[in-house]
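What follows is each chain in one-letter form.
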Amino acid sequence: MKSNKEKVYDLLVDNPNLSNSEIEEILEFNRGMAKTYISRLKQCGFIDYEIVNGIRTVKILEEFRDRRLIESNVIQSPKFTYYEEMLEIYMNDFRSCENFQTRVKVGQEIRLLIKEM
């Protein structure tokens with residue numbers, strides 16, 4: 001089962017000019033999730049992009065592979081995939097928390113997920 005990050009990567013390989021809203025519509029993501037995954041793909045060195053006249057064009061730099069799994073020789077089980085997706089969602093929630101108490105609660109959930117992974 002592919003991670004959401006890999007699904008976004010695959011879409012961008014075939015359609016380098018897709019907008020965030022188009023990606024979110026195709027993959028049925030919540031608003032803002034495409035931006036997060038594209039940023040992560042760029043941070044990991046898989047893609048780069050430029051924006052010209054308001055249109056983003058993605059350039060593929062490296063074939064996608066989940067480096068954490070390769071480095072640790074972990075076989076991606078369905079359980080791991082579910083935890084990884086939950087973690088990505090919680091991280092988005094963590095970043096958007098408006099007060100400290102909520103951030104602490106979300107952070108505790110993140111720690112529990114990481115422990116299970």
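Because the structure is a prediction, the values reported are computed rather than measured.

Caption draft 1: Spotlight on the overall build of the protein chain. Helices and strands together make up the secondary structure of the protein chain, namely six helices and two strands. Counting helices and strands in the order they occur from the N terminus, the protein chain gives α-α-α-β-β-α-α-α. Burial analysis of the protein chain (117 residues in total) assigns 32% to the buried set. Within the protein chain, contacts between residues at least 6 apart in sequence are counted, and of these 47% link residues at least 24 apart. With an accessible surface of roughly 8200 Å², the protein chain has 50% of that area assigned to carbon and sulfur atoms.

Caption draft 2: Spotlight on the pairing of strand S1 (residues 47–52). Bridging between S1 and strand S2 (residues 55–60) involves six bridges; their strand directions are antiparallel. Directly across from Glu50, in S2, lies its bridge partner Thr57.

Caption draft 3: The arrangement of the pattern of salt bridges in detail. One pass over the structure, following the stated rule, counts two salt bridges. A salt bridge links Asp48 to Lys42; the shortest N-O distance between them is 3.5 Å. Given the relative accessible area of 33%, Asp48 is considered partly exposed. For Lys42, a relative accessible area of 36% translates into the label partly exposed.

Caption draft 4: Up close: the environment of Lys105. Inspection of the secondary structure assignment puts Lys105 in helix H6 (residues 100–116). Look at Lys105 and you get exposed, because its relative accessible area is 58%. The spacing of Lys105 and Phe94 is 11 residues in sequence and 9.0 Å in space, taken between C-alpha atoms.

Caption draft 5: Representation of the confidence of the model for the protein chain in the model. Of all residues in the protein chain, 89% attain a pLDDT of 70 or more, and the chain-wide mean is 84. Mean pLDDT across the elements of the protein chain bottoms out in helix H4 (residues 67–72) (48) and peaks in helix H2 (residues 20–27) (95). Across residues 70–75 the pLDDT falls below 50, and counting only partners more than four positions away or on other chains, this stretch makes two contacts in the model.

Caption draft 6: Highlighting the packing of aromatic side chains. Within this structure, the stated rule accounts for four aromatic pairs. Seen from their ring centres, Tyr9 and Phe46 are 6.3 Å apart, and the 70 degrees between their planes marks the pair as edge-to-face. Linking Tyr9 in helix H1 (residues 4–14) with Phe46 in the loop between helix H3 (33–43) and S1, this pair joins segments that are 37 residues apart in sequence. Take Tyr9: its relative accessible area is 7%, and that puts it in the buried class. Judged by centre distance (5.4 Å) and plane angle (45 degrees), the rings of Phe29 and Tyr37 are tilted. With a relative accessible area of 1%, Tyr37 lands in the buried category. The structure contains a cluster of three or more aromatic residues connected by ring pairs, namely Tyr9, Phe46 and Phe64.

Rules used throughout
By convention here, each chain's residues receive numbers from 1 onward along its written sequence. Two thresholds apply to this predicted model, a pLDDT of at least 70 for residue-level local features and 80 or more for giving and counting side-chain atom pairs, whereas whole-chain, interface and lining totals are computed over all residues. With hydrogens and water excluded, all non-hydrogen atoms of the structure serve as input to the side-chain values. Segments assigned H or I by DSSP are reported as helices when at least four residues long, segments assigned E as strands when at least two residues long, and all are numbered from the N terminus. The classification of residues rests on relative accessible area computed with a 1.4 Å probe and restricted to protein chains. Under 20% of the type maximum is buried, over 50% is exposed, and intermediate values are partly exposed. Only heavy atoms matter for contacts: two residues are in contact if any of them lie within 4.5 Å across the pair. Using a 1.4 Å probe, accessible areas were evaluated by the Shrake-Rupley method; residue-level cover was limited to the displayed protein chains. Whether two strands pair comes down to DSSP finding at least two bridges between them. Whenever a carboxyl oxygen of Asp or Glu lies within 4 Å of a side-chain nitrogen of Lys or Arg, that contact is scored as a salt bridge. Every residue is assigned a pLDDT by the predictor, reflecting its confidence on a scale from 0 to 100. Pairing of aromatic side chains requires ring centres within 6.5 Å, counting the rings of Phe and Tyr and the six-membered ring of Trp. Pairs whose planes differ by under 30 degrees are stacked, by over 60 edge-to-face, and all others tilted.

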